[in-house]
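Breakdown of the fold
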Amino acid sequence: MADRAALEDLVRVQGERVRGLKQQKASAEQIEEEVAKLLKLKAQLGPDEGKPKFVLKTPKGTRDYSPRQMAVREKVFDVIISCFKRHGAEVIDTPVFELKETLTGKYGEDSKLIYDLKDQGGELLSLRYDLTVPFARYLAMNKLTNIKRYHIAKVYRRDNPAMTRGRYREFYQCDFDIAGQFDPMLPDAECLKIMCEILSSLQIGDFLVKVNDRRILDGMFAICGVPDSKFRTICSSVDKLDKVSWEEVKNEMVGEKGLAPEVADRIGDYVQQHGGVSLVEQLLQDPKLSQNKQALEGLGDLKLLFEYLTLFGIADKISFDLSLARGLDYYTGVIYEAVLLQPPARAGEEPLGVGSVAAGGRYDGLVGMFDPKGRKVPCVGLSIGVERIFSIVEQRLEALEEKVRTTETQVLVASAQKKLLEERLKLISELWDAGIKAELLYKKNPKLLNQLQYCEETGIPLVAIIGEQELKDGVIKLRSVASREEVDVRREDLVEEIKRRTSQPLCIC
């Protein structure tokens with residue numbers, strides 16, 4: 001049996017090596033060589049008839065989260081939720097699956113990524129792709145015309161996952177939306193302020209928020225000569241400019257989507273521009289763009305938006321970027337996306353964007369698509385890309401080799417001598433009833449050294465030690481694990497003393 005166990009370990013290690021090489025896109029020869037070794041080991045293992053054949057793994061594009069990873073996630077969620085609440089948002093929840101027809105036709109070319117479920121009793125269902133469409137359905141169904149809400153939940157996409165970069169098939173979205181008829185750009189400016197507050201609070205590095213307007217894009221396509229029928233598909237191509245070069249995007253437009261080369265060139269003259277309010281003013285003077293009603297409305301709103309962003313003190317974080325397109329079909333006005341910046345390789349160069357961490361925009365027509373009478377409810381919102389943020393925070397903690405506390409235990413109830421289990425149980429019950437987070441070791445007579453070591457390993461800051469002398473004196477010996485300093489505290493004062501010493505919030509990121 002021992003030989004078989006050793007062989008199984010070798011097969012597992014070799015299997016991981018093969019998978020690693022495939023992920024790294026190693027040469028075919030190298031992969032072939034390692035696969036041959038794996039098959040040879042499996043042949044030595046031989047059949048095991050009595051053992052059930054199944055693979056212990058999570059499905060592609062999903063992952064488990066360890067207590068350490070969950071501690072990081074909870075901290076990130078706390079920062080995000082406290083910001084949403086600070087801005088007056090209520091919270092809602094919706095089902096993880098929707099009627100298929102609810103989701104169909106809302107996501108443009110990304111609709112192919114929706115997970116459809118098998119027919120369950122006559123209803124065709126799909127897993128939700130985002131939280132925005134279910135929110136619009138919720139508003140229409142409940143005849144709501146005014147709400148500021150946040151929603152944090154899992155969504156599902158049949159995507160090709162890149163898990164090292166925080167891209168999964170099952171992942172969390174953190175959405176904040178303002179629904180209702182308000183004066184122009186005030187809710188939009190608040191959404192951008194929230195985005196900047198959260199990204200600054202999380203301290204994940206420098207970021208830039210790119211801003212554009214769907215009306216400017218549509219006006220630009222119209223004056224450049226893009227046929228109406230191709231607006232959305234060309235929009236989807238432009239949206240790739242943050243990942244690939246203009247030449248590649250142009251080739252896709254012309255080669256795959258049948259756009260005339262001269263039309264693509266005219267688009268290229270616009271979409272490669274980015275700047276601040278000065279670019280908005282420049283385009284307002286553009287002889288062609290300023291003649292387009294849609295584009296003119298969009299530029300006017302962006303000019304007003306920049307005024308509000310200046311008052312909010314975040315205009316330096318915002319860039320008007322004509323290449324930002326956001327591929328989703330439901331956007332109708334301002335759109336935005338926050339990207340992390342990595343420092344320039346050489347002095348004088350611009351910082352490079354290394355990935356989107358938040359995005360959003362205005363979608364005034366989505367609720368009307370669900371309302372029987374087509375009544376519109378203007379909406380604007382944002383979504384924080386928490387999976388990408390989790391990846392960044394985890395990598396940073398690993399690089400710094402920082403210890404992360406996975407519990408919030410304030411004190412361990414310990415004993416210095418044997419036969420004090422009853423006293424430990426009485427004391428810990430008092431502490432729990434008083435709202436103190438406390439633990440004890442599940443042994444009748446644990447050694448004091450083992451109890452102290454447990455505190456050091458798990459990061460528990462205090463130890464409440466009961467001994468025979470302490471019981472006679474009516475005190476508890478309270479020990480600081482970090483300084484090893486011990487003081488006698490009267491039993492009736494213990495709760496307040498523990499609260500006083502552990503009142504500082506624990507930072508894990």
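Only a predicted model underlies this, so the values are computations on that prediction, with no experimental measurement involved.

Here we look at the overall build of the protein
- Of the regular secondary structure elements, the protein holds 18 helices and 16 strands.
- Oriented by its inertia axes, the alpha-carbon framework of the protein measures out at about 90 × 65 × 60 Å.
- Considering only intrachain contacts with a sequence separation of at least 6, the fraction spanning at least 24 residues in the protein is 68%.
- For the protein, the exposed surface amounts to about 27,300 Å²; the carbon and sulfur share of it is 52%.

A look at the state of the cysteines
- In total, this model carries zero disulfides according to the counting rule given.
- Here Cys196 stays free of any disulfide, with the sulfur of Cys83 as its closest cysteine sulfur at 10 Å.

Some words on the pairing of strand β11 (residues 379-384)
- Buried residues dominate β11, accounting for six of its six residues.
- Pairing analysis gives six bridges linking strand β5 (residues 170-179) to β11, with the strands arranged antiparallel. The residue bridging Ala179 from the neighbouring strand is Cys379, located in β11.

Topic: the packing of aromatic side chains
- Using the criterion set out here, one finds seven aromatic pairs in the structure.
- Ring centres of Phe77 and Tyr172 lie 5.2 Å apart, and the angle between their planes is 70 degrees; on these two criteria the pair is classed as edge-to-face. Of this pair, Phe77 sits in helix α3 (residues 67-86) while Tyr172 is found in strand β5, placing the two residues 95 residues apart along the sequence.
- Residue Phe77 is classed as buried on the basis of its relative accessible area, which comes to 14%.
- Among the residues examined, Tyr172 registers a relative accessible area of 25% and is labelled partly exposed.
- Residues Phe84 and Phe176 carry aromatic rings whose centres are separated by 5.5 Å and whose planes lie at 35 degrees to one another, so their mutual orientation is tilted. With Phe84 in helix α3 and Phe176 in strand β5, the pair connects residues that are 92 residues apart, well separated along the chain.
- According to the relative accessible area criterion, Phe84 is buried, its value standing at 0%.
- Assessed through its relative accessible area of 0%, Phe176 is described here as buried.

Some words on the domain arrangement of the protein
- Here the protein is described as being made up of domain 1 (1-55), domain 2 (61-179 + 369-405), domain 3 (205-362) and domain 4 (409-501).
- A separation of 60 Å is found between the C-alpha centroids of domain 3 and domain 4.

Notes on the sheet that holds strand β14 (residues 462-466)
- Spatial strand order, β13-β12-β14-β15-β16: five strands in an open sheet with mixed pairing. Strands with a single pairing partner mark the edges of an open sheet, and in this sheet they are β13 (438-439) and β16 (486-490).
- Judged from the four bridges that link them, β14 and strand β15 (residues 475-480) form a sheet pairing that is antiparallel. Counterpart to Ala464 in the pairing with β15 is Leu478.
- Packed onto the sheet, helix α15 (residues 421-433) meets β12 (411-415), β13, β14 and β15 and runs at close to 160 degrees relative to β12.
- The strands touched by helix α18 (residues 494-501) are β12, β14, β15 and β16; relative to β15, the strand with the most contacts, the crossing angle is about 10 degrees.

Some details on the UniProt feature "binding site: L-histidine" in the protein
- Listed under "binding site: L-histidine" in the UniProt record, and renumbered for this structure, are Asp130, Leu131, Thr132, Arg157, Gln173, Asp177, Arg326, Tyr330 and Tyr331.
- For Asp177, the position within the fold is in strand β5.
- Classification of Asp177 by relative accessible area gives buried; the value is 2%.
- Looking at where Arg326 falls in the secondary structure, it is placed in the loop between β8 (318-321) and β9 (334-342).

Topic: helix α11 (residues 277-284)
- Residues of α11 that are buried include every one of Leu279, Val280 and Leu283, and no others. The arc that holds every buried residue of α11, seen down its axis, measures 105 degrees, which confines them to one face.

Things to note about the pattern of salt bridges
- Tallied over the entire structure, the rule returns 33 salt bridges.
- A salt bridge links Asp116 to Lys100, with the nearest nitrogen and oxygen atoms 3.4 Å apart. Within this pair, whereas Asp116 is found in the loop between α4 (100-103) and β3 (125-127), its partner Lys100 is found in helix α4, the two being separated by 16 residues in sequence.
- For Lys100, a relative accessible area of 33% translates into the label partly exposed.
- In this structure, Glu297 and Lys293 form a salt bridge, with 3.0 Å as the shortest nitrogen-oxygen distance. In this pair, Glu297 and Lys293 are both assigned in helix α12 (residues 293-311), four residues apart and thus about one turn of the helix distant.
- Taken together, the salt bridges that share partners define one network made up of Asp213, Arg215, Lys293, Glu297 and Asp301.

Section: the environment of Lys243
- Along the chain, the position of Lys243 falls in the loop between α8 (231-238) and α9 (246-256).
- With 124 residues separating them in the primary sequence, Lys243 and Asp119 have C-alpha atoms 38 Å apart.

Here we look at helix α16 (residues 448-458)
- Listing the buried residues of α16 in full gives Gln451, Leu452 and Cys455. The buried residues of α16 all sit within an arc of 95 degrees when viewed along its axis, so they share a single face. Seen from the buried face of α16, the exposed residues on the opposite side, beyond 90 degrees, are Leu449 and Glu457.
- Where α16 is buried, its residues meet β12, α15, β14 and β15.
- Immediately beyond the C-terminal end of α16, within one or two residues, lies Gly459, with a positive phi of roughly 80 degrees.

Conventions adopted
Along each chain, residue indices are assigned from 1 in the same order as the chain's sequence is written. Only residues with pLDDT of at least 70 are given local features in this predicted model, and only at 80 or more are side-chain atom pairs given and counted; all residues enter the totals for whole chains, interfaces and linings. Hydrogens and water are ignored here; the side-chain numbers use all heavy atoms of the structure. What counts as a helix is a DSSP run of H or I of at least four residues, what counts as a strand is a run of E of at least two, and both are numbered from the N terminus. Should any heavy atoms of two residues lie within 4.5 Å, those residues are counted as being in contact. Accessible surface area values rest on a Shrake-Rupley calculation with a 1.4 Å probe, where residue burial reflects the displayed protein chains alone. Two cysteine sulfurs form a disulfide in these notes if their separation is within 2.5 Å. We call a residue buried when its accessible area falls under 20% of the maximum for its residue type, exposed when it is over 50%, and partly exposed in between, using a 1.4 Å probe and counting protein chains only. Two strands form a pair only when DSSP identifies at least two bridges running between them. Under the pairing criterion, centres of Phe, Tyr and Trp rings, with the six-membered ring standing for Trp, must be within 6.5 Å; the plane angle then separates stacked pairs below 30 degrees from edge-to-face pairs above 60, leaving the rest tilted. Domain extents, as shown, originate in an automatic or database domain assignment. A fitted line through C-alpha atoms serves as each axis, taken over the contacting stretch for helices, and the angle formed by two N-to-C directions is quoted from 0 to 180°. UniProt positions are given in the numbering used here, feature names are shortened, and annotations may be inferred rather than shown by experiment. Each C-beta atom gives one direction from the helix axis, and the arc is the one those directions make. When a carboxyl oxygen of Asp or Glu lies within 4 Å of a side-chain nitrogen of Lys or Arg, that pair is called a salt bridge.

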